[in-house]
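# Breakdown of the fold
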Amino acid sequence: MMTGAERAKWSRAIHRAMKDDALPALRAAYAMLTPFVDPGCRTMYTDGRFRVGVCPQFFEGLTDRQAAFVVMHETMHNTQRHHERRDAAGVSQMRWNIAADLEINSMLASGVARVRLDVESPLSFGGGDLSWLPKGILLPHSGAFERCPPGLTAEGYLGYVRGASEQPADASGSSER
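Residues numbered from 1 in each chain as written. Predicted model: local features only at pLDDT ≥ 70, side-chain atom pairs only at ≥ 80, totals over all residues. Heavy atoms only, no water.

## A short note on the sheet that holds strand 1 (residues 34-37)
- Here we have three strands laid out as an open sheet, ordered 1-3-2, and mixed in their pairing. Both edges of this open sheet fall to strand 1 and strand 2 (44-46), since each of them pairs with a single strand only. Averaged over all pairs of adjacent strands, the angle between their axes in this sheet comes to 25°, without regard to strand direction.
- In this sheet, strand 3 (residues 51-54) lies alongside strand 2 in antiparallel orientation, the contact comprising three bridges. Looking at the pairing, Thr46 lines up with Val52 of strand 3. (Pairing = 2+ DSSP bridges. Helix = DSSP H or I, 4+ residues; strand = E, 2+ residues; numbered from the N terminus. Axes fitted to C-alpha atoms, helices over the stretch in contact; angles between N-to-C directions.)

Here's what the structure looks like:
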């Protein structure tokens, strides 16, 4: 069970995510999310049924802005039906999670989904300041995925995600445990 402080932070993250008028279709999805404490996970994840496992230490370490981003991220795993699509792709959970994270984070960071986490500094991919994002976030054109173009689907990113270990990536904001 979440503490009062964790519940208040969750509520602030949902409110901040819902403030974005560009994504009204996601408002109902945000309201459907059910967070639960999972001390065995390292970040946050979703089970594909709008339940979100939360590592208390990870969540407490996020700013409200970062928490809103992660809420949007986990919501999109559900709305993009990533759990169902993984079965059809027939790949390992870790490889799929990385590809799905690249899909979602590319959409959120590029503004394709026109996400604005604050009015003064709208997100823009390849030109905006994304340094506030949670540490270890997976993005195309960044780190190990420097050669990945933005805007692909998870299936499209699978070709760039080769030999992914079965061990979860650290603090990627992904749907892993």
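## Thoughts on the nonpolar core
- Counting residues in hydrophobic clusters, the biggest one holds 35 residues, and the most contacted among them are Trp10, Tyr30, Leu33, Met44, Phe59, Val71 and Leu133.
- At the level of elements, helix 1 (4-18), helix 2 (24-32), strand 2, strand 3, helix 3 (56-60), helix 4 (64-79) and helix 6 (93-110) are the ones that each hand at least two residues to this core.
- With six residues, helix 4 is the largest single contributor of residues to this core.
- Residues in contact with Leu33, not counting those within four places in the same chain, are Trp10, Ile14, Phe50, Val52, Val71, Thr75 and Asn78. (Core = buried A, V, L, I, M, F, W, Y, C linked by side-chain atoms within 4.5 Å. Buried < 20%, exposed > 50% of the residue type's maximum accessible area, 1.4 Å probe, protein only. Contact = heavy atoms within 4.5 Å.)

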